[in-house]
Amino acid sequence: MEIIENENGSVMIVAHRANITDTLPENSLEGILQCIKHGIDIIEIDTQKTKDNVLVVMHDETLNRMTNGTGKV
């Protein structure tokens, strides 16, 4: 989570990779819903394009770290 100010000087809270706790996967729907529930101002998510040009929500360029698969997204 990161704290920034908007143009009026008000503090805004940003959830990096939609993650406000260590109990939910990053960039997950559950994480996004928790951000909304807790009134987070900005939810940052990551996208990658697959080989067949489909956008998916995934930070890494490979599946290795976040899934039980391996290789490029």
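A brief structural summary.

Secondary-structure assignment places Gly 31 in helix H1 (residues 29-37). Residues Gly 31 and Lys 49 lie 18 residues apart in sequence; the distance between their C-alpha atoms is 21 Å. Those residues in contact with Gly 31 that lie beyond four places of it in its chain are Ala 18 and Leu 24.

Before going further, it helps to examine unusual backbone geometry. Phi is mostly negative for residues that are not glycine, and the peptide bonds are mostly trans. If you check the backbone angles, Ala 18 has positive phi at about 55 degrees while not being a glycine. On the secondary structure map, Ala 18 appears in the loop between strand E2 (11-15) and H1. Phi at Asn 53 is positive, roughly 65 degrees, even though this residue is not glycine. Relative to the helices and strands, Asn 53 is located in the loop between strand E4 (47-49) and strand E5 (55-57). Judged by its relative accessible area of 58%, Asn 53 falls in the exposed class.

What counts and what doesn't
- Residues numbered from 1 in each chain as written.
- Predicted model: local features only at pLDDT ≥ 70, side-chain atom pairs only at ≥ 80, totals over all residues.
- Heavy atoms only, no water.
- Helix = DSSP H or I, 4+ residues; strand = E, 2+ residues; numbered from the N terminus.
- Contact = heavy atoms within 4.5 Å.
- Buried < 20%, exposed > 50% of the residue type's maximum accessible area, 1.4 Å probe, protein only.

Any functional reading would require information beyond the geometric quantities listed.
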